[in-house]
Each structure stands twice: as structure tokens, then as C-alpha cells.
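# Notes for the structure review
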Amino acid sequence: MDYHQAFAISSRGMSLERLRVDVAALNLANAHTVASPDGAVYRPMRVVARTSFAQALDTAGRLHPAPLDVRVEPTLQAPLRVREPGHPMADAKGFVEYAGVDAAAEMITLMSAMRAYEANVAAMSTARAMSLKALDIGGNA
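Residues numbered from 1 in each chain as written. Predicted model: local features only at pLDDT ≥ 70, side-chain atom pairs only at ≥ 80, totals over all residues. Heavy atoms only, no water.

### Remarks on the overall build of the protein chain
Keep this limit in mind: Put simply, DSSP H or I for four residues or longer makes a helix, DSSP E for two residues or longer makes a strand, and each gets a number counted from the N terminus. The rule is simple: take the accessible area with a 1.4 Å probe, protein chains only, and divide by the maximum for that residue type; under 20% is buried, over 50% is exposed, in between is partly exposed. Working rule for contacts: check all heavy atoms of both residues, and any pair within 4.5 Å makes them a contact.
Scanning the protein chain from terminus to terminus reveals three helices and four strands. Ordering the α and β elements of the protein chain from the N terminus gives α-β-α-β-β-β-α. When the 141 residues of the protein chain are sorted by exposure, 23% land in the buried category. Pairs at least 24 residues apart make up 62% of the contacts formed inside the protein chain by residues separated by at least 6 positions.

Pasting the structure below:
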């Protein structure tokens, strides 16, 4: 068994989940930012990862780590308009536009990404333990 592939797959998974945590934390950090005077408001971001199963198969039909297309894209979430007439950034009608970040959804993203990261760490640890055990068995023969 080629343990390098198992390590590579887990490593890619951990990198992806780390990026998901970073983006969710960025969204939460900008949840209460208001629109700038020119009307630009922070757009929540999402990590989009795509791969092709066909690219993961070689000519013999064996599975290999496929290239992963990872992008961070803004969502289409509309800004949240809150009536705060005393706010210095309020418009003529007294509304302030905040970033349209759903804190509950971002917390769920954080938790699921952390669980997936932990699963990849466990998979890598298991592959490491198996490779060490194989070396022990091979050395005693």
C-alpha cells in the first residue's frame, strides 16, 4: 500500500478545512461592519472546492488524489438593513446597511470544518500507525 497517497489526501483535506475555518472566522469578524460612504458593504465569503472523479482514476482504474480546484467566492447574501436614525452612517431614511452575515450558519460551518479537520487528523494517524506496524512486521520476518 502506498501510504504517501493516504497522507496526501488527509493533508489536502486538512488544508481545505483550515481554509473553511479561516473564511468563516473572517465572516464572523465582519458581521457588524457597516457599508462605507460609497455604498460598498462586506459580502460574506464561501469556500468552493471542486474535483473530478474522472481525473482521480488512472488508466488501470486505480484511485489517486485528484487535483482540487479551491476558490473563495463572495455569496449573494443581501446586506442587512437596520433602522438606526442616530447612527452616523445612516442614510436619509435612517437605515444602516450591515454585512449580511448569518452568525448561526457561520458557527455551523466552523463546527463542521473543525470536525472534518479532526477526522483527517485521525485518518492520517491511522495510516501512520498502519505503516509503522507494517515496518515492524516486515522487520521481524
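### Focus on the packing of aromatic side chains
Note the threshold: In summary, the pairing rule links any two rings of Phe, Tyr or Trp, Trp by its six-membered ring, whose centres are within 6.5 Å, and it sorts them by plane angle into stacked for under 30 degrees, edge-to-face for over 60 and tilted for everything else. Cation placement over rings: the criterion is NZ of Lys or CZ of Arg within 6 Å of the ring centroid and within 35° of the ring normal.
On inspection of all chains with the given rule, the structure shows zero aromatic pairs. Its end group placed over the ring of F95, R81 keeps NZ or CZ at 4.6 Å from the ring centre. Positioned above the aromatic ring of F95 is the side chain of R83, whose terminal nitrogen or guanidinium carbon lies 6.0 Å from the ring centre.

### Side note on the environment of A49
With respect to the secondary-structure elements, A49 resides in strand β1 (residues 45-50). Given a relative accessible area of 37%, A49 falls into the partly exposed group. In sequence terms A49 and V70 are 21 residues apart; their C-alpha atoms lie 4.3 Å from each other. When sequence neighbours within four positions are dropped, the list of residues in contact with A49 reads L16, L68, D69 and V70.

### Here's the deal with the confidence of the model for the protein chain
The condition that has to hold: Predictor confidence is given residue by residue as pLDDT, running from a minimum of 0 to a maximum of 100.
This prediction gives the protein chain a mean pLDDT of 86; 87% of its residues lie at or above 70. Helix α2 (residues 53-56) is the least confidently modelled element of the protein chain, averaging 66 in pLDDT, while strand β3 (residues 80-83) averages 92, the highest of any element.

### Overview of the side chain of E17
Within the secondary structure layout, E17 lies in helix α1 (residues 3-29). Not counting the four nearest positions on each side in its chain, E17 is found in contact with A113, A116, Y117 and N120.

### With respect to the side chain of N120
With respect to the helices and strands, N120 occurs in helix α3 (residues 103-140). The residues touching N120, leaving out its near neighbours within four places in the chain, are I9, S10, G13, M14 and E17.

### Remarks on the nonpolar core
How we decide: In this text, buried Ala, Val, Leu, Ile, Met, Phe, Trp, Tyr and Cys residues form a nonpolar core when linked through side-chain atoms within 4.5 Å.
Core analysis: the largest hydrophobic core is formed by six residues, namely V23, A31, Y42, M45, A99 and V101. Setting aside chain neighbours within four positions, we find V101 in contact with N27, L28, N30, A31, Y42, P44 and E106.

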